[in-house]
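Here is what each chain is made of, one letter per residue.
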Amino acid sequence: MSDNPRQEYSEQEAAQVFDEEFMPHIDAMYNFAYRLTFDEDEAKDLVQETYLKAFRFINSFQQGTNAKAWLFRILKNSFINDFRKKSKQPAKVDYQEVETYYNSDDVDFKGTSDLRVDTVKDMLGDEISNALNSLAVDFRTVIILCDLEGFTYEEMAKILDIPIGTVRSRLHRARNLLKDKLRSYAQSMGYDN
Amino acid sequence: MEKEPTNGEKKLTCGDKAACMQLLEMILDGQADDDQCAQLESKLEKCLPCFEYYHLEKTIREVMKSKCTNKEVPKDLLSNIREIIAKA
Ligand SMILES: [Zn+2]
């Protein structure tokens with residue numbers, strides 16, 4: 001779970017770490033699990049499994065480090081290893097990650113010309129949520145971690161086991177895909193200018 | 001920051017897209033320091049595409065935060081976890 005040197009918590013210490021550092025994140029964990037699985041029962045199972053693993057491997061959790069990031073990493077790994085296999089979601093999306101995207105033609109302000117701030121503000125229904133849910137799981141995940149959960153690039157890199165440059169390029173692509181989706185909603189709603 | 005993009009002083013095309021984009025994304029993602037935030041303000045003053053991009057992205061994040069609201073945690077989840085742990 002971690003490269004940190006192991007320590008041994010006493011039974012009482014372990015219970016305290018579990019209660020004070022792990023349990024407060026149950027809301028965020030369940031929401032993340034639900035946005036990964038789209039299924040209430042699967043989300044529940046995933047969170048339960050994550051907490052069980054967290055308990056079993058509690059000695060590899062260093063007090064004072066970010067418990068939420070540690071738990072999210074376990075949840076993400078459980079999802080990939082166990083749940084994604086069972087569910088009907090495609091195992092891997094075929095896309096290329098270009099870490100040097102800031103120097104490439106991919107850099108543009110595409111989206112601002114035909115998707116307006118007021119249009120987005122007028123999306124009062126589930127458009128944004130649906131747009132987010134429609135993204136492939138790897139793209140959806142980075143947006144959830146960054147925008148809904150407020151993790152830093154560095155924390156995301158640890159949770160996802162990818163370099164920071166990949167976090168940033170994946171986020172960049174995810175945001176463009178999200179805007180594409182919003183743009184098509186805007187058009188179908190007759191919002192386009 | 002909240003000024004309307006009607007300022008005739010703003011350039012209509014961005015002269016330094018790669019640098020602007022990198023800075024904008026870091027700030028929107030809450031990863032920039034004070035220095036970089038100050039840099040952004042001066043960029044937004046001068047550059048219309050950057051100004052528009054910034055406000056669109058900021059709005060999407062705000063709407064997303066308010067719309068992708070928290071799904072309520074099932075009542076038995078907490079007690080289930082306690083049970084599992086007690087048996088572990
Ligand atoms: Zn610019």
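Anything mentioned here points back to the structure above.
So, a few notes on the structure that sits alongside this text. Keep in mind that what you see is a predicted model, and the values were worked out from it rather than measured.

Concerning the overall build of chain B
- Tallying secondary structure elements over chain B gives four helices and zero strands in all.
- For chain B, the succession of helices and strands along the chain, N to C, is α-α-α-α.
- Considering only contacts within chain B whose residues lie at least 6 apart along the sequence, 72% involve residues at least 24 apart.
- Of the roughly 5100 Å² of accessible surface on chain B, a fraction of 48% belongs to carbon and sulfur atoms.

A closer look at the packing of aromatic side chains
Residue and element names in this part refer to chain A.
- Across all of its chains, the model carries eight aromatic pairs over all chains by this definition.
- Ring plane angle 70 degrees and centroid distance 5.7 Å describe the contact between F18 and F22, whose orientation is recorded as edge-to-face. Of this pair, F18 and F22 both sit in helix 1 (residues 11-22), four residues apart, which is roughly one turn of the helix.
- F18 sits in the buried class, given a relative accessible area of 3%.

Brief notes about the coordination of the zinc ion
All names here are of chain B.
- Within the protein, the zinc ion binds to C14 (SG), C20 (SG), C47 (SG) and C50 (SG); these donor distances fall in the range 2.2 to 2.6 Å.
- Each of the four donor atoms around the zinc ion contributes to a set of angles spanning 87 to 161 degrees, which defines the coordination as irregular.
- All donors of the zinc ion come from a single chain, and their spacing in sequence reads C-x5-C-x26-C-x2-C.
- On the basis of relative accessibility, which here comes to 14%, the residue C14 falls in the buried class.

A short note on the environment of L56(B)
- Looking at the secondary structure, you find L56(B) in helix 3 (residues 48-67).
- Linking L56(B) and I85(B), residues 29 residues apart in sequence, is a C-alpha distance of 45 Å.

Reading guide: rules and limits
- Residues numbered from 1 in each chain as written.
- Chains lettered and ligands numbered in written order.
- Predicted model: local features only at pLDDT ≥ 70, side-chain atom pairs only at ≥ 80, totals over all residues.
- Heavy atoms only, no water.
- Helix = DSSP H or I, 4+ residues; strand = E, 2+ residues; numbered from the N terminus.
- Contact = heavy atoms within 4.5 Å.
- Areas by Shrake-Rupley, 256 points an atom, 1.4 Å probe, with all protein chains shown as cover.
- Phe/Tyr/Trp six-rings, centres within 6.5 Å; stacked < 30°, edge-to-face > 60°.
- Buried < 20%, exposed > 50% of the residue type's maximum accessible area, 1.4 Å probe, protein only.
- Donors = N, O, S within 2.8 Å, 3.2 Å for Na, K, Ca; no water.
- Tetrahedral: all angles 85-135°; square planar, octahedral: opposite > 155°, others 65-115°.

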